[in-house]
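Given next are the chains, with one letter for each unit.
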Amino acid sequence: MKKLFSRVLVLLSLCVFSSLFFSCNKKEGYSVVLWNIPEYNIQDCEVVPVYVLSHISQVYIIGSPSGEKLEVPLWQLTKPVSKSKALKQAEQYKEYAHKYASVKLDGLPCRAEPKNLSKQIYRLRKGETIKVLAKGDGDLVMAGKEALEGDWLKVLTKDGTEGWCFSHNLILFDMDASGAASGETEILVEEQNGDATFEAIFDKPWYPETFLAMINEKNIDTTVVKTELNFTIDSAKGTVSLNMPENKKAQLKAVKKTWDYSGYEKVGRNQYELTDIPITITTRKDNFIVVRYTGSSGKPQDFSLITTEEDLAEVIKEEKQKRSDAYAKIVSRGPNYASSSYGNLMVKSSGSFSWTDYSLLVPNVISETAKEGGTISLKYGIGEKLKSQYDGVLTFKFDGAGEVNFLFKTESDGLRLENATNAKFEEGMVIERSSSSLVIYFKANK
């Protein structure tokens, strides 16, 4: 019984060995090599015999020129066919035999078809090497009104993705069977340099252009100018954020969006399109850009943005301190002020006030619905032309009514107010006083 069992084992072993032997020598067909196999000195565009296809391991077992059996990933070869068909296929790849490319831009799209609006199936990394398979007819790629130079190329990535990429942002080079690339030094230099104009935008906040005059004059409307209102590309976090306020005058809606950054494509002179983000950036000066954002409505909004050497947080802090000091001076001179015609005003350090007997100011200056108290602040700044005449602008918010603004000047013995209801306001500042305005003088009464 034991002898019979041993014979069966031997026969089974011989059958398994025979099946393996014959399966490794019986050809599945022939395939074209799409990507070099430098360790065995096999170049792309060569035709090789294929012996085994393993769907489990996702490999072909092929024969090398020296007769060795090699495992090669499925994506690296065409599907096995007869030798005559494989040779015909090799002719189709001949134009771009041994031709590879280095990617110049991070996030460069690889598309399903040779069309600029075709589905994006892969995002290439800056410096990534890809295999060029063939050239195809495709749509023109425009930079404004001019077509960009280049061709639509069918390419293969190292993970086996095939797609179409426009050659304008590729550096083509040859690679030999050993994997050595001609012009490799030049390729690396270009990869490192990138686009200096675009990359200068990175890692700095870009604020609404309307902030610039206030920053330069150090006269900030702190209710409008905020550090969080900016556009940034943060290379460390890999994010893009756009946080813009509403601007009714320019018909711009508020936007607050954040995306993952995956690269850009130069689409015109000093114009860049962010990959998979509905933003186009146009650089005008070193410190001035225009960001075009297209939301879900499909209507684009253009934001004119500036960057500054100033630390905006510090500028805001200084402005708040300046206004706080001016308000403290008013309180210290009073806090009670009296006018024979316009009543009694008490200014509190807490930011509140009481004002009685102001009937002569109703309704031209103060609303009929206003109570005798409310809050007081230095909400607005004053323009350069008015700084020699006034200390600032006091905003009274009466309970039961809206705000009333007065230009003010602290005097040695009191407080002078000038009605600013009809004054000219611009970007959070009073830049021009009213042509005929009421002046009120309050005498300090401690």
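Residues numbered from 1 in each chain as written. Predicted model: local features only at pLDDT ≥ 70, side-chain atom pairs only at ≥ 80, totals over all residues. Heavy atoms only, no water.

**Q** Just to check I follow, could you spell out helix H6 (residues 312–333) for this structure?
**A** Because each turn of an α-helix spans 3.6 residues, side chains separated by three or four positions end up pointing in the same direction. When the terminal C-alpha atoms of H6 are compared, their 32 Å separation across 22 residues agrees well with the 32 Å that a helix rising 1.5 Å per residue should span. Of the positions making up H6, those classed as buried are Leu312, Val315, Ile316, Glu319, Arg323, Ala326, Tyr327, Ile330 and Val331. Buried residues along H6 cover an arc of 155° about the axis, so they all sit on one side. The N-terminus of H6 is capped by Asp311, whose side-chain oxygen sits 3.1 Å from the backbone nitrogen of Ala313. (Helix = DSSP H or I, 4+ residues; strand = E, 2+ residues; numbered from the N terminus. Expected span 1.5 Å × (residues − 1). Buried < 20%, exposed > 50% of the residue type's maximum accessible area, 1.4 Å probe, protein only. Arc of directions from axis to C-beta. Polar contact = N/O pair within 3.5 Å; in protein donor to acceptor, adjacent residues only side chain to side chain.)

**Q** Teacher, can you tell me more about the side chain of Ser167 here?
**A** Along the chain, Ser167 falls in the loop between strand E12 (162–166) and strand E13 (170–174). Within the structure, Ser167 has its side chain in polar contact with the backbone nitrogen of Asp151 (distance 2.7 Å). Non-local contacts of Ser167, meaning those with residues more than four positions away in its chain, are made with Gly150, Asp151 and Leu153. (Contact = heavy atoms within 4.5 Å.)

**Q** Explain the sheet that holds strand E31 (residues 424–426) here, please?
**A** The pairing of strands in a sheet happens through backbone hydrogen bonds and is either parallel or antiparallel. Across the sheet, 3 strands lie side by side as E27-E32-E31; this open sheet has mixed pairing. At either end of the open sheet lies a strand with only one pairing partner, and these are strand E27 (381–382) and E31. Looking at chain direction, E27 and strand E32 (residues 429–432) are connected through 2 bridges and run parallel. By the bridge assignment for E32, Ile382 is matched with Val430. (Pairing = 2+ DSSP bridges.)

**Q** What's the story with the pairing of strand E28 (residues 392–398) in this structure? I'm lost.
**A** Every regular strand shows the same layout, with side chains that alternate between the two sheet faces. The element E28 is largely enclosed, with a buried count of 6 among its 7 residues. Pairing of strand E26 (residues 373–377) with E28, which is carried by 4 bridges, proceeds in the antiparallel orientation. Looking across to E28, one finds that Thr375 is bridged to Lys397. Judged from the 6 bridges that link them, E28 and strand E29 (residues 403–411) form a sheet pairing that is antiparallel. When the bridges of E29 are listed, Phe396 appears paired with Val404. The turn joining E28 and E29, which pair antiparallel and follow one another in sequence, is formed by 4 residues; a positive phi near 85° is taken by Gly400.

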